[in-house]
Amino acid sequence: MNKHLNEGQLRAALDLELDRDGMQHLENCPDCRRRQSRLMAETQQAARGLAFLGSPAGQSGPDARSALVRFHQRNDSRKEISMFRKLFASTALRVGLAIVVILAVVFSFPQARAFADQVLNLFRVQQVVVVPVDFTGIQSLTGNDTLGKQVSDLIASSVTTQQKPGTPVTATDAAQASQLAGFTVRVPQGMTPSRLSVENAAAFTLKVDVAKAQALLNESGRSDLVLPASINGADVSVNIPASVSVAFGTCPDPAAPDTGAGLNSGGSAGRRYPDCVILAEIPTPTVSAPADLNIAQLAQIGLEFTGMTSDQAAAFTQTIDWTSTLVIPLPKNAATYDQVTVDGVTGTLIQRPADDAPQYALLWVKNGIIYAISSLGTNSQQAIQMANSLP
Amino acid sequence: MTGDPAEAEDLALETFFRFYRQPPKSGEGYNPGGWLYRVATNLALRSIRSYKHREHYEMAAGKGALADAQETRPPQILESKEDHRLTRLALAKINPRRAQLLALRYSGMSYKDIANTLELSPASIGPLLLRAEREFEKVYLALNEEEK
């Protein structure tokens, strides 16, 4: 080989990756060796800076067996929560799920509470109840494009937004947040928030379309669940008051664009926001609906849809005061929950103990305000202390 | 590459999880090993880029290392941490394909394996690597200058 080596070949020679002819030429060519020295000096900084990317000496990865155990744990955990993730991946579906929950609540008003004006305005959250459900039976729905389109169509044709919350506004202190939100914001004593954000009120109405809702149930393979024709055309209006988010530590910006992935995207957010704790405060939303809606049967349908048997759903429905209880379906095996006394009332502590992304949420209701403290961490005692230190 | 063994383990698990859930289609050019490397380096680069608060986080980690270390030359520890931080920032800023190439090469992969992973010819690795190093060097020096 008599032709001089080009820069790429000289670079490959530095890594001893040049073919034998090329290496031989380099050995016998002072000109190429000079150029190679210059090249080496030029890229020295890069080589030095990037050298640490190789495995550090004496540090090996986890053994295959424990990695496999973690893999199975993650797989099991995601089976439970993938339904939630996919449902929350688009705004339309998020709204859809919210509507399903609201309908389950609204339709459960006892008929006996009918008012002369045919309108109820009774739903105000006074307590929170968690119901464990098994989502594995409806996981197959997450890839069902027809169903997704039906949900979007149903929402587009039946929901009218009266007021959008817009982008959250940052407040300088609790007093300003209280003024903006219209209620007294409480901040734990002795703690300084890293950010106070106020989200404006929102309101929407929906008109029930039984045919479309039933088609949706049928598409999801639950044609055994039949919606009563009497609810067709019912008007339901929902008002969500302004809310306040009080952040402590390094937390994601609530005004940043929503990627749909949420706080816990990728399972490593716990390390990205290791000290982030968020206290959310919101006056109870109100739901108005016709009083003659038929009935608690619909709450039962909702529960059966999420995985309960007919008997379980019927038994659970009877234990709940649907006019004052916010029911949170929780995937079985992916989270645990306990009742705790905080802030002078009974609250619910939900914990997801996964080792890759643990998280907890403490919820309670006091004087018409719903409070929630959440974090991607395991120190739920901190949340209880915070709740008890509210003025 | 991530500077955090726990994060690296997490991303490795995520890579295998994706392979398990949505494996590459078999057929001509089926290369599961290459697929795994590609996804792993992409996830690592994305992880670095998404760490908007990383400076704060790593500075805290650097201080932690300083407090824990038995090292008798503390300034060197922080200096090394600072170099690694700038390296990651530079990797996050340069052309993603080039960043991937650098990550694979400096993790110890041969040209043949890199070519296999990135679906390139082995002869093109030398010139591409040189271009990537030059871009990296330029960005690294600019970042260094900015921080002075």
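Residues numbered from 1 in each chain as written. Chains lettered and ligands numbered in written order. Predicted model: local features only at pLDDT ≥ 70, side-chain atom pairs only at ≥ 80, totals over all residues.

## Observations regarding the overall build of chain A
Right, so step 1: Each helix and strand counted, chain A has 13 helices and 15 strands in total.
Right, so step 2: Taking all 391 residues of chain A together, 31% fall into the buried category.
Right, so step 3: For chain A, contacts bridging at least 24 residues in sequence account for 72% of all contacts bridging at least 6. (Helix = DSSP H or I, 4+ residues; strand = E, 2+ residues; numbered from the N terminus. Buried ≥ 20, exposed ≤ 12 C-beta atoms within 10 Å, placed from the backbone. Contact = placed C-beta atoms within 7 Å.)

## A closer look at the overall build of chain B
Right, so step 1: A count of helical and extended segments in chain B gives 7 helices and 0 strands.
Right, so step 2: Put simply, chain B runs from its N terminus to its C terminus through helices and strands in the order α-α-α-α-α-α-α.
Right, so step 3: A sequence separation of at least 24 residues applies to 64% of the contacts in chain B between residues at least 6 apart.

## Description of the sheet that holds strand 4 (residues 169-171) of chain A
Residues and elements named next belong to chain A.
Right, so step 1: Spatially, the 8 strands line up as an open sheet ordered 4-5-8-9-15-14-13-12, and their pairing is antiparallel. Of all strands in the sheet, those bounded by a partner on one side alone are strand 4 and strand 12 (336-342). Averaged over all pairs of adjacent strands, the angle between their axes in this sheet comes to 20°, without regard to strand direction.
Right, so step 2: Pairing geometry for strand 13 (residues 345-352) and strand 14 (residues 359-366), over 5 bridges, is antiparallel. Considered in strand 14, the bridge of Gln-351 is made with Tyr-360.
Right, so step 3: Packed onto the sheet, helix 8 (residues 174-181) meets strand 4, strand 5 (195-199) and strand 8 (243-248) and runs at close to 5° relative to strand 5.
Right, so step 4: Across the sheet, helix 13 (residues 380-388) lies against strand 9 (277-283), strand 12, strand 13, strand 14 and strand 15 (369-375), angled at about 20° from strand 14, the strand it touches most. (Pairing = 2+ DSSP bridges. Axes fitted to C-alpha atoms, helices over the stretch in contact; angles between N-to-C directions.)

## Brief notes about the environment of Leu-89 of chain B
Right, so step 1: Among the secondary structure elements, Leu-89 of chain B is positioned in helix 4 (residues 74-93).
Right, so step 2: In this structure the C-alpha to C-alpha distance between Leu-89 of chain B and Ile-48 of chain B, which are 41 residues apart in sequence, comes to 7.4 Å.

## A word on the nonpolar core
Right, so step 1: With 39 residues, the main nonpolar core has Leu-362 and Ile-373 of chain A as its most contacted residues.
Right, so step 2: Top contributing element to this core by residue count: strand 14 of chain A, with 6 residues.
Right, so step 3: Discounting chain neighbours no more than four positions away, the residues touching Leu-362 of chain A are Val-342, Gly-347, Leu-349, Ala-372, Ile-373, Ser-380, Ala-383, Ile-384 and Ala-387 of chain A.
Right, so step 4: In this structure, Met-1, Ala-40, Ile-114 and Leu-129 of chain B belong to the second largest nonpolar core, which totals 36 residues. (Core = buried A, V, L, I, M, F, W, Y, C linked by C-beta atoms within 7 Å.)

## Quick word on the pairing of strand 7 (residues 235-240) of chain A
Residues and elements named next belong to chain A.
Right, so step 1: Where burial is concerned, the two faces of strand 7 differ: the one with Val-236, Val-238 and Ile-240 is buried and the one with Asp-235, Ser-237 and Asn-239 is not.
Right, so step 2: The pairing of strand 6 (residues 202-207) with strand 7 spans 6 bridges and is classified as antiparallel. Residue Ala-202 lies in a different strand from strand 7, and its bridge partner there is Ile-240.

## With respect to the environment of Arg-186 of chain A
All names here are of chain A.
Right, so step 1: Looking at the element boundaries, Arg-186 is found in the loop between helix 8 and strand 5.
Right, so step 2: Put simply, Arg-186 and Ala-280 are 94 residues apart on the chain and 9.9 Å apart in space, counted from C-alpha to C-alpha.
Right, so step 3: Residues within four places of Arg-186 in sequence aside, it is in contact with Glu-281, Leu-390 and Pro-391.

## What about the confidence of the model for chain A?
Note: predicted coordinates in regions of low pLDDT should not be interpreted at a detailed level.
All names here are of chain A.
Right, so step 1: Counting all residues, the mean pLDDT for chain A is 72, and 65% of those residues have values of 70 or more.
Right, so step 2: Put simply, strand 1 (residues 119-123) is where chain A has its lowest mean pLDDT, 39, and helix 8 is where it has its highest, 92.
Right, so step 3: This model gives residues 80-122 a pLDDT under 50, and the stretch forms 86 contacts once residues within four places in sequence are excluded.
Right, so step 4: Overall, residues 257-267 carries pLDDT values under 50, and its contacts beyond four positions in sequence, including any with other chains, amount to 16 contacts. (pLDDT = per-residue confidence, 0-100.)

## Focus on the pairing of strand 9 of chain A
Residue and element names in this part refer to chain A.
Right, so step 1: Counting buried positions along strand 9 gives 6 out of 7 residues, so the element sits mostly inside the fold.
Right, so step 2: The pairing of strand 8 with strand 9 spans 5 bridges and is classified as antiparallel. Across the sheet, residue Phe-248 finds its bridge partner in strand 9, namely Val-277.
Right, so step 3: As defined by bridge partners, strand 9 adjoins strand 15 across 7 bridges and the pair is classed as antiparallel.

## Re the packing of helix 5 (residues 96-106) of chain B against helix 6 (residues 111-118) of chain B
Residue and element names in this part refer to chain B.
Right, so step 1: As a packed pair, helix 5 and helix 6 sit with axes 10 Å apart at the nearest point and diverge in direction by 145°. Here helix 5 and helix 6 pass one another in a crossing that is right-handed. Touching Gln-100, Leu-101, Leu-104 and Arg-105 of helix 5 are Ile-114, Thr-117 and Leu-118, all from helix 6.
Right, so step 2: Looking at the contact of helix 5 with helix 6 residue by residue, the class counts come to 4 nonpolar, 2 polar and 1 charged. (Left-handed = near helix turned anticlockwise from the far one by under 90°. Nonpolar A, V, L, I, M, F, W, Y, C, P; charged D, E, K, R; others polar.)

## Side note on the packing of helix 5 of chain B against helix 7 (residues 122-146) of chain B
Residues and elements named next belong to chain B.
Right, so step 1: Viewed as axis vectors pointing N to C, helix 5 and helix 7 meet at an angle of 105°, and their least axial separation amounts to 9 Å. Relative to helix 7, the element helix 5 is oriented roughly perpendicular. Across from Arg-98, Leu-101, Leu-102 and Arg-105 in helix 5, the residues of helix 7 making contact are Leu-128, Leu-129, Arg-131, Ala-132, Glu-135 and Phe-136.
Right, so step 2: For the contact of helix 5 with helix 7, the class distribution of residues is 6 nonpolar, no polar and 4 charged. (Parallel < 35°, antiparallel > 145°, perpendicular 65-115°, else oblique.)

## Brief notes about the confidence of the model for chain B
All names here are of chain B.
Right, so step 1: Across chain B, the average pLDDT comes to 75, with 76% of residues at or above 70.
Right, so step 2: Averaged pLDDT values over the elements of chain B bottom out at 42 in helix 3 (residues 54-68) and peak at 90 in helix 7.
Right, so step 3: Below a pLDDT of 50 lies the segment residues 52-74, which in the model reaches 16 contacts outside its immediate sequence neighbourhood of four places, other chains included.
Right, so step 4: For this predicted complex, the interface confidence score (ipTM) comes to 0.73, while the overall pTM stands at 0.52.

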